[in-house]
Amino acid sequence: MGWIGDTVDSFKSIQIRQLLTQAVSLGMIVTSALIIWKALMCITGSESPVVVVLSGSMEPGFKRGDILFLHMSKDPIRAGEIVVFNVDGREIPIVHRVIKVHEREDTGEVDVLTKGDNNYGDDRLLYAQGQLWLQRHHIMGRAVGFLPYVGWVTIIMTEKPIIKYILIGALGLLVITSKD
């Protein structure tokens, strides 16, 4: 019985060791992704260096599901640039074009007015109540590049949460059952 007991114990220790190795590997992958995200934030100067277009308001330039790469520099914002901004009281950032720039004479600060390319009017109805212009602190970044359609993965997982859970479960199962 000693030989069988030793064999069972060594088999259990291999499984535990393998499980711990896989858990550490998964942790390293998640940590690496977070480090890359933080590095992108530092390099681009944007709190969100990558965003997904969620509506058709910027068509035909950007379609729903396109991924935009953002950069935020100290340069003044100009009319015609595509910016991503947050509005007080709304969680989801908005991607629209700057149509008008207003410089305050007393402070020299620049305020901007935006509009979706596919919308009839400007965005004042989207802004917080009583707000007529966006200030610099509302702007998350300027669009500097895009990848078409890749953001559909995010949209589908947000609109159909069951797909997200199935995908996470399948990836977790794959990590647990892999032998390497």
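The preceding data block contains the structure.
A few points on the structure. (Residues numbered from 1 in each chain as written. Predicted model: local features only at pLDDT ≥ 70, side-chain atom pairs only at ≥ 80, totals over all residues. Heavy atoms only, no water.)

Considerations on the overall build of the chain
Working step 1: Scanning the chain from terminus to terminus reveals three helices and six strands.
Working step 2: Taken from the N to the C terminus, the helices and strands of the chain come in the order α-β-β-β-β-β-β-α-α.
Working step 3: Within the chain, the fraction of its 180 residues that count as buried is 25%.
Working step 4: Accessible surface for the chain amounts to roughly 12200 Å². Of this, 66% is attributable to carbon and sulfur atoms. (Helix = DSSP H or I, 4+ residues; strand = E, 2+ residues; numbered from the N terminus. Buried < 20%, exposed > 50% of the residue type's maximum accessible area, 1.4 Å probe, protein only. Areas by Shrake-Rupley, 256 points an atom, 1.4 Å probe, with all protein chains shown as cover.)

Quick word on the nonpolar core
Working step 1: Counting residues in each nonpolar core, the largest one holds 13 residues, and the members touching the most others are Ile77, Val83, Phe85, Val112, Tyr127, Leu134 and Ile139.
Working step 2: Elements with a minimum of two residues in this core: strand 3 (82-85), strand 4 (94-103) and strand 5 (110-115).
Working step 3: Excluding residues within four positions of it along the chain, Ile139 makes contact with Met72, Ile77, Val83, Val84, Phe85, Val112 and Leu134.
Working step 4: Listed in part, the ten residues of the second largest apolar core include Met58, Leu68, Leu70 and Met140. (Core = buried A, V, L, I, M, F, W, Y, C linked by side-chain atoms within 4.5 Å. Contact = heavy atoms within 4.5 Å.)

With respect to the sheet that holds strand 1 (residues 50-52)
Working step 1: The six strands are arranged 1-2-6-3-4-5 in an open sheet whose pairing can be described as antiparallel. Pairing within the sheet leaves two strands with one partner each, and these edge strands are strand 1 and strand 5. Recorded for the sheet is a direction-independent mean angle of 50° between the axes of neighbouring strands.
Working step 2: By the bridge criterion, six bridges tie strand 4 to strand 5 in an arrangement that is antiparallel. Bridging across to strand 5, His102 finds its partner in Asp111. (Pairing = 2+ DSSP bridges. Axes fitted to C-alpha atoms, helices over the stretch in contact; angles between N-to-C directions.)

Points about the pairing of strand 2 (residues 67-71)
Working step 1: Where strand 1 lies against strand 2, three bridges are found, and the strand directions are antiparallel. For Val51, the partnering residue across the bridge sits in strand 2 and is Leu68.
Working step 2: As judged from the five bridges shared by strand 2 and strand 6 (residues 139-147), these two strands associate in the antiparallel manner. Directly across from Leu70, in strand 6, lies its bridge partner Ala143.

Structural notes on the pattern of salt bridges
Working step 1: Considering all chains together, one arrives at three salt bridges under this definition.
Working step 2: Taking the shortest distance from any N to any O, the salt bridge between Glu159 and Arg64 comes out at 2.3 Å. With Glu159 in helix 2 (residues 152-159) and Arg64 in the loop between strand 1 and strand 2, this pair connects stretches of sequence that are 95 residues apart.
Working step 3: You can call Glu159 partly exposed: its relative accessible area is 49%.
Working step 4: Its relative accessible area of 25% is what places Arg64 among the partly exposed residues.
Working step 5: Two residues, Arg97 and Asp117, come together in a salt bridge whose shortest N-O distance is 2.8 Å. (Salt bridge = Lys/Arg side-chain N within 4 Å of Asp/Glu carboxyl O.)

So, the packing of aromatic side chains
Working step 1: What the rule picks out here adds up to two aromatic pairs.
Working step 2: A ring pair is formed by Phe62 and Phe146, whose centres lie 5.1 Å apart and whose planes are at 80°; its orientation type is edge-to-face. Within this pair, whereas Phe62 is found in the loop between strand 1 and strand 2, its partner Phe146 is found in strand 6, the two being separated by 84 residues in sequence.
Working step 3: For Phe62, a relative accessible area of 9% translates into the label buried.
Working step 4: Measuring from ring centre to ring centre gives 6.1 Å for Phe85 and Tyr127, while their planes differ by 80°; the resulting arrangement is edge-to-face. Placement of the pair is Phe85 in strand 3 and Tyr127 in the loop between strand 5 and strand 6, with a sequence separation of 42 residues.
Working step 5: Tyr127 sits in the buried class, given a relative accessible area of 5%.
Working step 6: The ring of Trp133 is capped by Arg124, whose NZ or CZ atom sits 5.1 Å from the centre of that ring. (Phe/Tyr/Trp six-rings, centres within 6.5 Å; stacked < 30°, edge-to-face > 60°. Lys NZ or Arg CZ within 6 Å of the ring centre and 35° of its normal.)

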